[in-house]
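Remarks on the overall topology
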Amino acid sequence: MSEIFHSVTLDKDKCKGCTNCIKRCPTQAIRVRNGKAKIIKERCIDCGECIRVCPYHAKKAVTDEFSILKNYKYNIALPAPSFYGQFAKNDDINVLLGALKKIGFDDVFEVAYAAQIVTQETRKILAEGKIQKPVINSACPTVVKLICARFPSLIDHILPVISPMNLAARLSRSIVKEKLGFTDEEIGVFFITPCAAKATCAKIPIGAAKTYINGTFSVKDTYRKVLPYMNEVDGTENLARADFDGVCWAVSGGEAKGLAIENYIAVDGIHNVEEVMEAIEDDKLNDIDFVEALACVGGCVGGPLNVENNFVAKSRIKKMADKTTKKAELPVDVDVAWDTPLRPNTVMSLDEDIVVAMQKMEMMNEIYERLPHLDCGSCGSPSCKTLSEDIVRGFAKETNCIFKLREKIADLTREMLDIERQ
């Protein structure tokens, strides 16, 4: 996670400096300076909250163009389970998967199927009892990054398994190479993503030294391409591998239910996740075995790159899952363990010299005490505490605070009046 890459980007031309984004960012990664927002890359966890709340659409997630398919001889689509909930009047997964083949993919491999393999292996890991409880799922990259940035003491609680997305890419590659004889360079593997965080994770995977994914397409962009072909596929080609448990990973609680355990919590929505992580850190949830934490409301169906309302998509997913009567045939003893350990994200230190850093910390505290402690965001920083940090770093001035500016103007006015009276 040392390499900095983000799918969430800012279009400065569209930004109006409204400060909506700085108030919603869970890691205080955004500032507004000179009337424009700025994303601090070291702090960003690609949660996509700024994409949701920006009224001017100045924040966006960068994914790939479909023209990239031309670069490979054999292309594989990896649809996220949430993709299934985007289409009205369709409850046949094979129709959706068949439509993907109509738009340029040679094969389809369900991430839902890889999720079931992860579930199978997770049961074994939990049975061993070697991970500190409550065990926190690692499927949501935003949650993992949030922990690394704000709750580093909880890193040992995180389930050390690779994402279903990266596992699906690895397995599908292996199958095509073995059965059809293509080389890695000839195979293109593309994830259809509901969120910016997974688009980032596809390039720089969490817990893995390498990615098996060549690119990502948003659910929204893929939906537009697939929709015209939906009526041309009859669903007779049996492409679906996953069953009920895999499909339900799209919604909050789906992963935990698949584990067949009772003592768990399923929390969704980044700000709700923050509260649960604080509770774990304060030793308030020691009696819980497993925490499924997802950054988007409703789970992955709530991702900002989806098309459909998350509640509608959740209902459709449930109907599909209920009609999925087949039982997935899962391989045994699949290696899903991390090969790269997580490290705390120290964000940005005040200074490399510890003595200087401590002096700056004292300056921060002094400045903070002079500020009004209202955390209104009018200064362009998310809170008075972060403004004091920005001032010490040289990114802002104390008069960025409108209350301090008023005081300054009042002092100058008094001085001018005193001079006038002399």
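Refer to the structure printed above.
Overview of the structure. Note that the coordinates shown come from a computational prediction; the quantities given were computed from them, not determined experimentally.

Considerations on the sheet that holds strand β7 (residues 135-136)
A sheet is described by the order of its strands in space; here three strands give the open sequence β7-β11-β10, paired in parallel fashion. Each end of this open sheet is capped by a strand with a single partner; those strands are β7 and β10 (264-268). Relative to strand β11 (residues 290-294), β10 is paired through five bridges, and the arrangement is parallel. Bridge pairing in β11 places Asp 268 opposite Leu 294.

Observations regarding the packing of helix α13 (residues 354-370) against helix α14 (residues 384-393)
Across the interface, α13 lies against α14 with an axial gap of 9 Å and an inter-helix angle of 130°. Overall, the two elements α13 and α14 adopt an arrangement that is oblique. Crossing geometry of α13 relative to α14 is assigned as right-handed. Where α13 approaches α14, its residues Lys 360, Met 363, Met 364, Asn 365, Ile 367 and Tyr 368 are matched on the opposing element by Cys 384, Lys 385, Ser 388, Glu 389, Ile 391 and Val 392. For the contact of α13 with α14, a count of residues per class yields seven nonpolar, two polar and three charged.

Here's the deal with the pairing of strand β5 (residues 74-79)
Buried residues dominate β5, accounting for six of its six residues. Residues Tyr 74, Ile 76 and Leu 78 line one face of β5 and the alternating positions Asn 75, Ala 77 and Pro 79 line the opposite face, and both faces are buried. Bridge count between β5 and strand β8 (residues 187-193): six bridges; the pairing is parallel. Directly across from Ile 76, in β8, lies its bridge partner Val 189. Relative to strand β6 (residues 107-108), β5 is paired through two bridges, and the arrangement is parallel.

Notes on the side chain of Ser 218
Take Ser 218: it is sitting in strand β9 (residues 215-218). At 2.9 Å, the side chain of Ser 218 forms a polar contact with the backbone nitrogen of Asp 221. Each residue touching Ser 218, except ones within four places of it in the same chain, is listed here: Thr 63, Ile 192, Thr 193 and Leu 305.

Details of the packing of aromatic side chains
Tallied over the full model, the rule gives eight aromatic pairs. With centroids separated by 5.8 Å and ring planes inclined at 70°, the aromatic side chains of Tyr 72 and Phe 190 adopt a geometry described as edge-to-face. You can see Tyr 72 sitting in the loop between β4 (59-61) and β5 and its partner Phe 190 sitting in strand β8, a full 118 residues away along the chain. Geometrically, the ring pair formed by Phe 83 and Phe 87 is edge-to-face, given 5.2 Å between the ring centres and 80° between the ring planes. Among the aromatic side chains, those forming a connected cluster through ring pairs are Phe 66, Tyr 72, Phe 105, Phe 190 and Phe 217. Positioned above the aromatic ring of Phe 66, the side-chain terminus of Lys 225 is 5.2 Å from the ring centre. A cation over an aromatic ring shows up here: Lys 385 above the ring of Tyr 368, its NZ or CZ 4.6 Å from the ring centre.

Let's talk about helix α11 (residues 270-281)
Look at α11: 16 Å from first C-alpha to last across twelve residues, which is about the 16 Å you get at 1.5 Å a residue. Among the residues of α11, those classed as buried are Ile 270, Val 273, Glu 274, Val 276, Met 277, Ala 279 and Ile 280. Of the surrounding secondary structure, the elements contacted by the buried residues of α11 are α2 (49-53), β7, α5 (141-150), β10 and β11. A positive backbone phi angle near 60° is found at Asp 283, which sits one or two residues after α11.

Things to note about α13
Taking 1.5 Å of rise per residue, the 17 residues of α13 would be expected to cover 24 Å, and the 25 Å separating its terminal C-alpha atoms lies within 8% of that figure. Close packing links the buried residues of α13 with α14. Of the residues that open α13, the one with a side-chain oxygen 2.9 Å from the backbone nitrogen of Val 355 is Asp 353.

Thoughts on the environment of Lys 73
Looking at the secondary structure, you find Lys 73 in the loop between β4 and β5. Spatially, the C-alpha atoms of Lys 73 and Thr 142 are 33 Å apart, while their sequence positions differ by 69 residues.

A few points about the sheet that holds β5
Judged by pairing direction, the sheet is parallel, and its four strands sit side by side in the order β6-β5-β8-β9 without closing on themselves. The open sheet has two free edges, formed respectively by β6 and β9, since each of these has just one partner strand. For β8 and β9, the ladder comprises four bridges, and the chain directions are parallel. Bridge pairing links Phe 191 to Thr 216 in β9.

Some points on the pattern of salt bridges
Within this structure, the stated rule accounts for 25 salt bridges. Measuring nitrogen to oxygen at the nearest pair gives 3.1 Å for the salt bridge that ties Glu 49 to Arg 24. You can see Glu 49 sitting in helix α2 and its partner Arg 24 sitting in helix α1 (residues 20-24), a full 25 residues away along the chain. The partner of Glu 278 in a salt bridge is Arg 150, with the nearest N and O atoms 3.7 Å apart. In this pair, Glu 278 sits in helix α11 while Arg 150 sits in helix α5, placing the two residues 128 residues apart along the sequence. What emerges from the salt-bridge pattern is a single network uniting Arg 370, Glu 398, Lys 404 and Glu 407.

Rules of the game
- Sequence positions are assigned chain by chain, starting from 1 and proceeding in written order.
- It should be noted that, the model being predicted, local features are given only for residues of pLDDT at least 70 and side-chain atom pairs only at 80 or more, the latter also being counted only at that level, while totals for whole chains, interfaces and linings use all residues.
- Note: side-chain values were computed over all heavy atoms of the structure, leaving out hydrogens and water.
- Here, a strand pair is defined by DSSP locating no fewer than two bridges between the strands.
- Labels follow the DSSP assignment, with helices taken as runs of H or I lasting at least four residues and strands as runs of E lasting at least two, numbered in each case from the N terminus.
- Angles shown run from 0 to 180 degrees and are taken between the N-to-C directions of axes, each axis being a line fitted to C-alpha atoms and, for helices, limited to the stretch in contact.
- Any angle from 65 to 115 degrees is called roughly perpendicular, while one under 35 is roughly parallel, one over 145 is roughly antiparallel, and all others are oblique.
- Definitions for this section: a left-handed crossing has its near helix turned counterclockwise from the far helix by less than a right angle. A right-handed crossing has that turn clockwise.
- In what follows, residue pairs with any heavy atoms lying within 4.5 Å of each other are defined as contacts.
- The nonpolar class holds Ala, Val, Leu, Ile, Met, Phe, Trp, Tyr, Cys and Pro. Asp, Glu, Lys and Arg form the charged class, and all remaining residues, Gly among them, are polar.
- Relative accessible area decides the class of each residue, using a 1.4 Å probe on protein chains only: under 20% of the type maximum gives buried, over 50% gives exposed, and in between gives partly exposed.
- A 3.5 Å cut-off defines polar contacts: any pair of N or O atoms within that distance qualifies, except that in protein one atom must be a possible hydrogen donor and the other a possible acceptor, and neighbouring residues in sequence count only when both atoms are side-chain atoms.
- Side-chain rings of Phe, Tyr and Trp, where Trp is taken by its six-membered ring, are said to pair if the distance between their centres is within 6.5 Å; with planes under 30 degrees apart they count as stacked, over 60 as edge-to-face, and otherwise as tilted.
- We count a charge as sitting over a ring when the NZ of a lysine or the CZ of an arginine lies within 6 Å of the ring centre and within 35 degrees of the ring normal.
- Take the residue count of a helix, subtract one, and multiply by 1.5 Å to get its expected span.
- Salt bridge, as used here, is a side-chain nitrogen of Lys or Arg placed within 4 Å of a carboxyl oxygen of Asp or Glu.

Function cannot be inferred from these measures alone, as they are strictly geometric.
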